[in-house]
Amino acid sequence: MSNDIVSFMEKVRAKNPAEKEFHQAVEEVAESVMPYIRQNPRYQKARVLERMVEPERVILFRVPWVDDSGEVQVNRGFRIEMSSAIGPYKGGLRFHPSVNLGILKFLAFEQVFKNSLTTLPMGGGKGGSDFDPKGKSDNEVMRFCQSFMSELFRHIGPNTDVPAGDIGVGAREIGFLFGQYKKLRNEFTGVLTGKGLNWGGSLIRPEATGYGATYMAQEMLQLKGEAMEGKVCAVSGSGNVAQYTVEKVTKLGGKCVTLSDSSGSIYDPGGIDAEKLAFVFELKNVKRGRIKEYADKFKCEYREGKRPWDIKCDCAFPSATQNEISAEDAKTLVKNGCTLISEGANMPTEPAGIEVFLENKILYAPGKAANAGGVAVSGLEMAQNGMHLNWSREEVDQRLQGIMKSIHETCVEYGKDGDSVNYVNGANIGGFVKVADAMLDQGIV
Ligand code: NDP
Ligand code: 2IT
């Protein structure tokens with residue numbers, strides 16, 4: 001690592017102690033972008049990267065609520081408004097017990113580059129709470145969401161900051177949050193995305209992240225003259241992103257053989273077909289059960305406490321959470337013949353794992369490029385809300401495919417490395433340029 005990156009990272013660590021995921025996300029970007037900044041001193045002079053790592057605003061608030069047994073519970077709420085250089089702050093809300101400032105800052109930082117890559121006018125933000133929706137009743141989730149929005153509403157708006165879902169925040173939570181926002185503001189606007197279809201939501205938004213990660217994989221394969229047909233795929237997670245990845249991969253002729261949750265993974269060598277996937281939708285989204293029940297139902301292997309990465313596959317779609325692929329896992333994947341990784345999750349691969357993928361020159365699309373389809377269709381939901389009309393499924397899907405194609409092209413443009421493509425550099429530099437130029441245009445703010 002060169003001296004300017006080392007000293008830049010020393011300052012970031014000193015200023016933001018105990019935020020290790022944030023350091024990790026910043027370092028990955030700095031390694032790609034610093035050489036580019038050296039060649040373009042105007043960014044250096046205006047301290048663009050130094051400004052980008054400082055959130056424009058951080059909001060931290062108390063979220064008190066009453067559980068079903070009448071006990072008072074207290075959680076912590078956050079919204080990180082990272083960058084509004086190219087549009088209103090935009091990014092999801094995560095409800096998970098692991099949520100803290102450092103995790104949300106890493107996610108908000110990634111979001112800035114990701115949103116820039118989508119070609120749509122969206123700045124970057126992220127928020128959430130250490131609230132754990134697991135095991136809570138619908139009424140408890142509703143009361144929590146109402147309390148959370150009772151503070152958040154004063155900071156957001158359709159032209160200011162537009163939250164959406166992430167881990168632990170799906171259609172149910174967005175509904176409760178929207179209902180409370182509307183009541184407090186007396187205004188029906190597109191202030192959240194991922195809304196229900198009959199109250200301002202967009203077709204394809206639930207599908208968008210998984211579909212997008214699959215379209216990205218398809219683009220990478222096409223560049224090599226290959227296709228998804230016949231590819232054996234390992235998918236982690238079993239939530240929103242994992243479910244629609246399995247759906248699209250299967251539709252394109254691939255075979256998904258794994259799913260997981262935080263307790264373990266299932267291995268179904270026959271493939272998760274449409275009928276089995278319907279069971280997963282019901283299990284995870286309605287019954288809110290564990291993936292082990294899939295193994296019980298379809299008589300396949302359940303691997304307690306294990307991730308899917310030792311299963312032989314051609315393509316891997318990490319779609320659960322950050323740092324779920326270690327260097328060891330990466331080596332195992334490569335050794336077993338895996339030649340493509342498309343990251344549905346945000347920062348699922350540890351830095352040493354990324355090194356393994358890059359050294360072996362396998363097709364590796366980092367999260368900020370591969371999972372940008374979700375926020376891209378959120379941007380399309382905002383556009384439809386602004387026009388007070390709805391596009392058809394085909395219209396939204398065509399636009400999503402066009403956006404993923406464009407993201408792939410941007411990665412190739414900025415990441416070309418001899419006869420291969422470094423998608424990490426491509427996504428980081430490609431995402432950086434638009435935001436950095438907007439910052440130069442707008443002065444020191
Ligand atoms: P969901 O809440 O729908 O599903 C999350 C899945 O990941 C669950 O199967 C969950 O298992 C598993 N998981 C969560 N945390 C952990 C953990 N610490 N260890 C192991 N497994 C874990 O979330 P999404 O599918 O929406 O999100 C998945 C990933 O995709 C996240 O990284 C998110 O940031 C990213 N993403 C999501 C987008 C979206 O539009 N939803 C857009 C872009 C990226 P369990 O039930 O046991 O917790
Ligand atoms: O990480 C992400 O891009 C998301 N969770 C989706 C954000 C959004 O605003 O749709």
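Procedures and definitions
- Residues numbered from 1 in each chain as written.
- Chains lettered and ligands numbered in written order.
- Predicted model: local features only at pLDDT ≥ 70, side-chain atom pairs only at ≥ 80, totals over all residues.
- Heavy atoms only, no water.
- Phe/Tyr/Trp six-rings, centres within 6.5 Å; stacked < 30°, edge-to-face > 60°.
- Helix = DSSP H or I, 4+ residues; strand = E, 2+ residues; numbered from the N terminus.
- Buried < 20%, exposed > 50% of the residue type's maximum accessible area, 1.4 Å probe, protein only.
- Lys NZ or Arg CZ within 6 Å of the ring centre and 35° of its normal.
- Near = heavy atom within 4 Å.
- Polar contact = N/O pair within 3.5 Å; in protein donor to acceptor, adjacent residues only side chain to side chain.
- Areas by Shrake-Rupley, 256 points an atom, 1.4 Å probe, with all protein chains shown as cover.
- Axes fitted to C-alpha atoms, helices over the stretch in contact; angles between N-to-C directions.
- Parallel < 35°, antiparallel > 145°, perpendicular 65-115°, else oblique.
- Left-handed = near helix turned anticlockwise from the far one by under 90°.
- Contact = heavy atoms within 4.5 Å.
- Nonpolar A, V, L, I, M, F, W, Y, C, P; charged D, E, K, R; others polar.
- Expected span 1.5 Å × (residues − 1).

A. Local environment of the packing of aromatic side chains. In this structure the tally under the stated criterion is 22 aromatic pairs. Arranged with centres 6.4 Å apart and planes meeting at 65°, the rings of phenylalanine 279 and tyrosine 294 form a pair that is edge-to-face. Remark: tyrosine 294 occurs in helix α11 (residues 292–298) and phenylalanine 279 occurs in helix α10 (residues 274–286); sequence separation between them is 15 residues. Tyrosine 294 shares its class with phenylalanine 279; the two are buried. Three or more aromatic residues joined by ring pairs make a cluster, and in this case those are Phe61, Trp65, Phe95, Phe131, Phe144 and Phe148. Lysine 105 extends its terminal NZ or CZ atom over the ring of phenylalanine 22, reaching a point 4.5 Å from the ring centre. A cation sits over an aromatic face here: lysine 136 above phenylalanine 131, 5.3 Å from the ring centre.

B. The arrangement of the site of ligand 1 in detail. Contacts to ligand 1 come from 25 residues, most closely from Asp166, Thr209, Ser262, Arg290 and Asn346. At 2.9 Å from an oxygen atom of ligand 1 is found a side-chain nitrogen or oxygen belonging to lysine 134. One nitrogen or oxygen atom from the side chain of aspartate 166 is found 2.7 Å from an oxygen atom belonging to ligand 1. When ligand 1 is considered free in solution it has 890 Å² of accessible area, and contact with the protein chains removes 83% of it.

C. Focus on unusual backbone geometry. Of note in this structure, isoleucine 204 is not a glycine but carries a positive phi near 75°. Here isoleucine 204 is to be found in the loop between α7 (171–185) and α8 (205–223). Positive phi, normally seen in glycine, also occurs at arginine 288, with a value near 55°. Within the secondary structure, arginine 288 sits in the loop between α10 and α11.

D. Seen up close, the packing of helix α6 (residues 138–152) against α7. At a minimum axis separation of 8 Å, α6 and α7 run at an interaxial angle of 45°. Here α6 lies oblique to α7, going by the angle between them. Judged by the twist between their axes, the crossing of α6 over α7 is right-handed. Between α6, through Asp138, Val141, Met142, Cys145, Gln146, Phe148, Met149 and Ser150, and α7, the contact on the second element is made entirely by Arg172, Glu173, Phe176, Leu177, Gln180, Tyr181 and Leu184. Residues of the contact of α6 with α7, tallied by class, amount to nine nonpolar, three polar and three charged.

E. Structural detail: the packing of helix α5 (residues 101–117) against helix α17 (residues 423–442). One can describe the packing of α5 onto α17 by two numbers: an axis separation of 8 Å at closest approach and a directional angle of 85°. Relative to α17, the element α5 is oriented roughly perpendicular. On the side of α5, the interface is formed by Val112, Phe113, Ser116 and Leu117, while α17 contributes Ala427, Asn428, Gly430, Gly431, Phe432, Lys434 and Val435. Grouping the constituent residues of the contact of α5 with α17 by class yields six nonpolar, four polar and one charged.

F. Molecular detail of helix α15 (residues 372–387). Over its 16 residues, α15 runs 23 Å from end to end, which matches the ideal 22 Å to within 8%, given 1.5 Å per residue. Counting buried positions along α15 yields 13 of 16 residues, so the element is predominantly enclosed. At the exit of α15 stands histidine 388, carrying a positive phi of roughly 55°.

Remember, this is a structural readout, not a statement about activity or role.
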